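# Reading the structure
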Number of protein chains: 2
Amino acid sequence: MPAPTLKDVADYAQVSRATVSRVLNNNPTVNENLRLRVIEAMHQLGYQPNRAARRLRGTTSDVLGLIISDIENPFFISVVRGVEDAAYQQRMSVVLCNSDEDPAKQSMYLRVMQAERVAGLIIAPTHADESQELAEMSRAGMPIVLLDRRTSSLNADAVVVDNVGGAFAAVRHLIDLGYRRIATISGSLKLTTGQERFEGYRQALESAGLPLDRTLIRTGDYKIESGYRLMRELLSAPHPPEAVFVANNLMTLGSLRAVHEMGLRIPHDVALVGFDDMPWSGQLYPPLTAVAQPTYELGREAVRLLLRRSTEPDAFFHTVVLQTRLVVRESCGAAIRQEKS
Amino acid sequence: MPAPTLKDVADYAQVSRATVSRVLNNNPTVNENLRLRVIEAMHQLGYQPNRAARRLRGTTSDVLGLIISDIENPFFISVVRGVEDAAYQQRMSVVLCNSDEDPAKQSMYLRVMQAERVAGLIIAPTHADESQELAEMSRAGMPIVLLDRRTSSLNADAVVVDNVGGAFAAVRHLIDLGYRRIATISGSLKLTTGQERFEGYRQALESAGLPLDRTLIRTGDYKIESGYRLMRELLSAPHPPEAVFVANNLMTLGSLRAVHEMGLRIPHDVALVGFDDMPWSGQLYPPLTAVAQPTYELGREAVRLLLRRSTEPDAFFHTVVLQTRLVVRESCGAAIRQEKS
DNA sequence: GCAAACTGAGAAAACGATTTCTAATTCTCA
DNA sequence: TGAGAATTAGAAATCGTTTTCTCAGTTTGC
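## Thoughts on the overall build of chain A
Looking only at helices and strands, chain A features twelve helices and twelve strands. Relative to a compact globule of 341 residues, whose C-alpha radius of gyration would be 20 Å, chain A shows 26 Å and is clearly more extended. Referenced to the eigenvectors of the C-alpha coordinate spread, the extents of chain A come out at roughly 85 × 40 × 35 Å. The contacts in chain A between residues at least 6 apart in sequence include a share of 72% that link residues at least 24 apart. When the accessible surface of chain A is summed, it comes to about 14900 Å², and 50% of that surface belongs to carbon and sulfur atoms. Between the mean site of the 38 positive side-chain charges and the mean site of the 39 negative ones, chain A shows a separation of 3 Å.

## Quick notes on the protein's contact with DNA strand D
Around DNA strand D there are 27 residues in total, and A:Ser16, A:Thr19, A:Arg57, B:Leu6 and B:Arg54 lie nearest to it. Among the atoms of DNA strand D lying within 4 Å of the protein, the sugar-phosphate backbone contributes 62%. Among the elements of the structure, helix H2 (17-24) and helix H4 (51-57) of chain A together with helix H2 (17-24) and helix H4 (51-57) of chain B are those that each provide at least two residues to the surface near DNA strand D. Looking at the surface near DNA strand D element by element, the count peaks at five residues for H2(B).

## Comments concerning the nonpolar core
Grouped together as the largest cluster of nonpolar side chains are 97 residues, with contacts concentrated most on A:Tyr201, A:Val244 and B:Val244. Each residue touching B:Val244, except ones within four places of it in the same chain, is listed here: B:Leu174, B:Ala183, B:Thr184, B:Ile185, B:Met231, B:Leu234, B:Val270, B:Ala271, B:Leu272 and B:Val273.

## Let's talk about the protein's contact with DNA strand C
Close contacts around DNA strand C come from 26 residues, with A:Leu6, A:Ser21, A:Tyr47, B:Thr19 and B:Arg57 the closest. Backbone sugar and phosphate groups make up 62% of those atoms of DNA strand C lying within 4 Å of the protein. The backbone of A:Asn50 places a nitrogen or oxygen atom 2.8 Å from a phosphate oxygen of DNA strand C. Elements with a contribution of two residues or more to the surface near DNA strand C: H2 and H4 of chain A together with H2 and H4 of chain B.

## Some words on the interface of chain B and chain A
Residue-level contacts link 46 residues of chain B with 45 residues of chain A. Taking both sides of the interface into account, the surface hidden between chain B and chain A amounts to around 4600 Å²; carbon and sulfur atoms contribute 58%. Joining chain B to chain A, the criterion identifies four salt bridges. Between B:Arg81 and A:Asp100 there is a salt bridge, with its nearest N and O atoms 2.6 Å apart. At the junction of chain B and chain A, the tally comes to six residue pairs in polar contact (both at pLDDT 80 or more). Secondary structure elements with two or more residues in the side of chain B that touches chain A: H4, helix H5 (74-89), strand S2 (93-98), helix H6 (103-116) and helix H11 (249-261) of chain B. Take the side of chain B that touches chain A: its biggest share by element is eight residues, from H6(B).

## Thoughts on the relation of the copies chain B and chain A
Here chain B sits on chain A after a turn of 180 degrees about the axis and a move of 0.1 Å along it, with an RMSD of 0.1 Å. Each copy turns onto its partner about a two-fold axis. Residue by residue, 98% of the interface of chain B is reproduced at the interface of chain A, so both copies engage with the same surface.

## Brief notes about the packing of helix H10 (residues 224-236) of chain A against helix H11 (residues 249-261) of chain A
Think of two packed helices as two axes; the pair is described by the angle between the axes and how far apart they sit. All names here are of chain A. The geometry of H10 relative to H11 is characterised by a closest axis approach of 6 Å and an angle of 45 degrees between their N-to-C directions. The orientation of H10 relative to H11 falls into the category oblique. Relative to H11, the crossing made by H10 is right-handed. Across the interface between the two elements, Ile224, Glu225, Ser226, Gly227, Tyr228, Met231, Arg232 and Leu235 from H10 touch Leu250, Met251, Leu253, Gly254, Ser255, Arg257, Ala258, Val259 and Glu261 from H11. Tallied by class, residues from the contact of H10 with H11 come to nine nonpolar, four polar and four charged.

The rules we used
Residues numbered from 1 in each chain as written. Chains lettered and ligands numbered in written order. Predicted model: local features only at pLDDT ≥ 70, side-chain atom pairs only at ≥ 80, totals over all residues. Heavy atoms only, no water. Helix = DSSP H or I, 4+ residues; strand = E, 2+ residues; numbered from the N terminus. Rg over C-alpha atoms; globule rule 2.2 N^0.38 Å. Contact = heavy atoms within 4.5 Å. Areas by Shrake-Rupley, 256 points an atom, 1.4 Å probe, with all protein chains shown as cover. Lys, Arg positive; Asp, Glu negative; His and termini not counted. Charge placed at Lys NZ, Arg CZ, Asp CG, Glu CD. Near = heavy atom within 4 Å. Core = buried A, V, L, I, M, F, W, Y, C linked by side-chain atoms within 4.5 Å. Buried < 20%, exposed > 50% of the residue type's maximum accessible area, 1.4 Å probe, protein only. Polar contact = N/O pair within 3.5 Å; in protein donor to acceptor, adjacent residues only side chain to side chain. Buried area = accessible area lost by both parts, 1.4 Å probe. Salt bridge = Lys/Arg side-chain N within 4 Å of Asp/Glu carboxyl O. Least-squares fit on C-alpha atoms with pLDDT ≥ 70 in both. Axes fitted to C-alpha atoms, helices over the stretch in contact; angles between N-to-C directions. Parallel < 35°, antiparallel > 145°, perpendicular 65-115°, else oblique. Left-handed = near helix turned anticlockwise from the far one by under 90°. Nonpolar A, V, L, I, M, F, W, Y, C, P; charged D, E, K, R; others polar.

Structural data, given as structure tokens:
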């Protein structure tokens, strides 16, 4: 039993295919009687329009491409959900791909997107993206929105969070609580997020007249293991820090383990503030103080930018910066220290 | 600049469109010289076949639908990844939808899938799915694979984990460590996963000749808050349990918080085993003993079943049951107790 | 050496919608 | 009442592929 086509509906309702199409697309030039007859026929037959055919003839596709760099990072889950919800409201579907921080895989998926003739593309470019592919697609008229990270090789719409401001608020909070020797475990400086969070850390120290101490700075790779290793290094040093700002969620988990294994207590022996608030952050031991990112909004906003670009292809590029929020729990020691500001 | 079409390639290579199509589909009946000429032309023009047109004409679509019930549950992330990877190897793309445990949203997405004319559908049906839609689609010839959960309203291929065995192993482990008063915080008994994990708990007690004590059984809804509330209830009772088996990841987080807030220690005052091992399980305090599910495999296996059904539509239905593994860390007290088996 | 079988590749017909023409009505107003 | 405008809906072209049909040219079998 093949699925009913528009022609079947037309035959059943005894009208032409064009009329059925008009009803389908809410063309007002169709008589109410006929309209009802066609709708009745569609119901009777359980008709669903074939998207492939529609896309082939119509100029606008209703599929939207989303390429993220690491589906296993919980950060992206909520982003995906934001994109999906916003797209659904526009009756668009989302094709999701995962580049795994692998430039080869990314370029493969870019080709798939091109072949799919997607209406637009939302992408968190991989680590060190030097490829010209994105720029070429953009020049060829494909609406593109950069998500979370930016890349030097492409001028385009982008939606990012205020990494500098978020990191600044976190470190400033530690300073206001009276900590002076504040270390950081930063992310890769090849990613804009890594650079910016480090910059926030630097500015916060500067704003309080504190020196930038090389021995308190460690650079990781956003994975659990590097957080563990770098935290051990920091705490084993002759003159360990009083507090640490960790620049992402997974490295924070590794840091916690290191502290516990060394038999130290948080925040009494060392205070901790993380970047990225997760559903389980409040259930860690101790509950984690962290910079919350508007991940869901990030996704929604990306779709909004994409739609704007589709309708106004020549508008100036926008970069939307979403604000973060510091969620204070116990790992920073706010409850046990006097705020000295 | 419109994208080049097959016709453009044909003109450029001075052959017919049919020949280009044959080259594209590796039809061996085309002469090597022509083949090279066509491939060269495709390169020159940067040609990418239009999937919409291809899907329209061809009988087989290369899009695979995936409907999950809660994208915010970390459990599904790895499942999605498994599906995606397996699909990619078959050069298929995945359209991902999130029903949010909402039957209305699920039925909406089912219609989208039907309209997309997807090659097949992998679905974790929502809570209490009584709809006939799935059964109808199945009867209409759509290959369908049930994921993680089953539903009474449809006989179809399914891939699930051995919930009974996993729960049994977890509780049996507690028994072997010498615990006798073992409680459970179970999931909704409307879901097959909830029922089966409870059944594993029951069987483990029975196998050791322990009574099923109503006061030690609590039923939650798989959310953090219910884990928190139910654990407080259990521990405030006049005769609290020595150990607790919690039937999902989020409720486990809530349970941990409850124990900590009440000033009790794990595993000294109460031991804990969870269901579903997560990347952060080892970094909780204390590191969590949990039943690990082969989530990635779950996804891969679902794709495999789907492809088999596409090629052999009339084969008998299979249910693939994947085994779990108990990951022993510290929350069960294995390190501090003598195993008495 | 002639009929039959095989090869390779073009012409043309699908696929299921949308959209542009176009023609048949109905309406409007002098 | 009749000419022109407005409305309504059908016929046919179109989108970019795949697939079937066809046919010329070549090979094979006896």
